[in-house]
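# Observations on the model geometry
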Amino acid sequence: MARGSTRPTSRDVAQAAGVSQAAVSLVLGDKWRGRVSAATAERVREAARDLGYRPNLAARNLRLGRTRTVLLVVPALTTEFFAGVYTGASRVAAEHGFGVVLYPSPEGIGPARDPFASAQAALDGVIASSMAADALTAIRGEALPLVMLDSDPAGSLGAATVNLDIADGVRQVAEHLLSLGHRRFLHLAADVPSWTFEVRSRELASRLAGVPGTSVSTARSPISIEGAVPTAQAALSAPGPRPTAVVCDDDLLAAGVYKAARRLGLRIPDDLSVTGLDDLALATAIDPELTTVRLDAELFGERGMRALLAVLEGREPEGRDIPVRLVERGSTAPPR
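These figures come from a predicted structure and were not determined experimentally.

What follows concerns the overall build of the protein chain. When you go through the protein chain residue by residue, the secondary structure sums to 12 helices and 11 strands. Relative to its full complement of 336 residues, the protein chain shows a buried share of 49%. The contacts in the protein chain between residues at least 6 apart in sequence include a share of 70% that link residues at least 24 apart. Approximately 15,700 Å² of the protein chain is accessible, and the part contributed by carbon and sulfur atoms is 51%.

Rendered as structure tokens:
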């Protein structure tokens, strides 16, 4: 083939490497082990690099009945957390010749509409983050492989479930605040009927119940700074002894507590300790910086995509929860 003329083909690679086209297909499809030697495989890859050969994915996908496209469904693009999930998933997808389409469900946690004429024909699989599996029926039907992120593994309808160890994150928060001497707690909970928030509530109540002299009240708020302000203000000004620590389900809720505390003349952390969960950029933008639990959104997305690839290839996905870590900053201190 004359350089600069037409696009190189697998036949050109085969001729340059001195092998058959079948061998080229095996090597570039990563199915050569046990069929051709390692030296031959390297020779084929070198020839492909020298020629600037790229497989015709469209033709290959048509033969395989694959689109090599994955849909990532998220409740809403309200924070950078889901952007991180997308970044991680798309990075792994690209390494394997897949593309990821991001779809924020307009109805949040409710039923998600099919964004395609037929998702089953347009996609190879679905990754859903923080969504109920039955909310995805219109998209996946009964055919598409589904990987659930941040979902109850016991009740999951997905082929695989990938979770952050949220329960351990809440335990770390509780241990930190208890070790500082706090005994009166307010749990500012997300007003969202979701498994992940149920875990947070259950773990916090369980951990505090084991320590004599502790009390915890719960106030529910939409996941927004604006929604959290009046909820926190009402809870902190309610009759009776005021809580000395507020445990928030999300960093946005914690920012709302900051505003409510300021309106009530309370200083953080002198009068009130506050914790969040996510470690968004917001956590270091507020003053004092927020003590919170760091969730690795990109790793979360990576693991979700790897789980879907395993399902598509008939392998068992990794089942271990992703560790999380408490980041101690200036918003927590011993109670006065």
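Note on sheets: strands pair through backbone hydrogen bonds, and any given pair is parallel or antiparallel. Spatially, the 4 strands line up as an open sheet ordered β7-β6-β8-β9, and their pairing is parallel. Of all strands in the sheet, those bounded by a partner on one side alone are β7 (215-221) and β9 (273-275). Ignoring which end each strand starts from, the neighbouring axes of this sheet average 20° apart. Alignment of strand β8 (residues 245-248) against β9, held across 3 bridges, turns out to be parallel. Among the inter-strand pairings, V246 is bridged to a residue of β9, identified as V274.

A few words on the sheet that holds strand β3 (residues 125-129). Spatially, β2-β1-β3-β4-β5 is the arrangement adopted by the 5 strands of the open sheet, whose pairing is parallel. Across the chains shown, the open sheet's two edge strands, defined by having one partner strand only, are β2 (99-104) and β5 (160-162). Each neighbouring strand pair of the sheet contributes to a mean axis angle of 20°, computed without reference to strand direction. Bridge count between strand β1 (residues 69-74) and β3: 4 bridges; the pairing is parallel. The partner of V73 across the bridge, within β3, is A128. Of the strands in this sheet, β1, β2, β3 and β4 (146-149) touch helix α5 (residues 80-95), which is tilted by about 160° from β2.

Another point: helix α12 (residues 297-312). An α-helical segment advances 3.6 residues per turn. Residues three or four places apart therefore align on the same side. Here α12 spans 23 Å end to end across 16 residues, near enough to the 22 Å set by a 1.5 Å rise per residue. Buried within α12 are the following residues: A297, F300, G301, E302, R303, G304, M305, A307, L308, L309 and A310. For α12, the elements touching its buried residues are β1, α5, β2, β3, β4 and β5. With a side-chain oxygen positioned 3.4 Å from the backbone nitrogen of E298, the residue opening α12 is D296. Two residues or fewer after α12 comes G314, characterised by a positive phi angle close to 75°.

As a packed pair, helix α2 (residues 21-28) and helix α3 (residues 38-51) sit with axes 9 Å apart at the nearest point and diverge in direction by 90°. When the axis of α2 is compared with that of α3, the two are roughly perpendicular. Within the contact between the two elements, α2 uses V24, V27 and L28 and α3 uses A41, V44, R45 and A48. Its residues placed into classes, the contact of α2 with α3 shows 6 nonpolar, no polar and 1 charged.

Quick notes on the rules
- Numbering of residues starts from 1 in every chain and runs along the sequence as written.
- Local features are withheld for residues below a pLDDT of 70 in this predicted model, meaning they are given only at 70 or higher, and side-chain atom pairs are given and counted only at 80 or more; totals for whole chains, interfaces and linings count all residues.
- Where side-chain values are given, they derive from all heavy atoms of the structure, hydrogens and water being excluded.
- Secondary structure elements are taken from DSSP: a helix is a run of H or I of four residues or more, a strand is a run of E of two residues or more, and numbering for both begins at the N terminus.
- In this scheme, a residue with accessible area under 20% of its type's maximum is buried, one over 50% is exposed, and one in between is partly exposed, where area comes from a 1.4 Å probe on protein chains only.
- Contact between two residues is taken to exist if any of their heavy atoms lie within 4.5 Å; hydrogens are not considered.
- For the accessible areas, the method is Shrake-Rupley and the probe is 1.4 Å, while residue cover comes only from the protein chains on display.
- Strands qualify as paired when DSSP identifies two bridges or more between them.
- Simply put, an axis is a line fit to the C-alpha atoms, just over the touching stretch for a helix, and the angle between two N-to-C directions goes from 0 to 180 degrees.
- A helix is expected to reach a length of 1.5 Å times the quantity of its residues less one.
- Whenever a nitrogen or oxygen atom comes within 3.5 Å of another N or O atom, the pair is scored as a polar contact, on the condition that within protein one atom can donate a hydrogen and the other can accept it, and that pairs from neighbouring residues in sequence are kept only if both atoms are in side chains.
- Should an angle fall under 35 degrees it is taken as roughly parallel, and over 145 as roughly antiparallel, whereas 65 to 115 is taken as roughly perpendicular and any remaining angle as oblique.
- Gly is placed with the polar residues, together with every amino acid not listed as nonpolar (Ala, Val, Leu, Ile, Met, Phe, Trp, Tyr, Cys and Pro) or charged (Asp, Glu, Lys and Arg).

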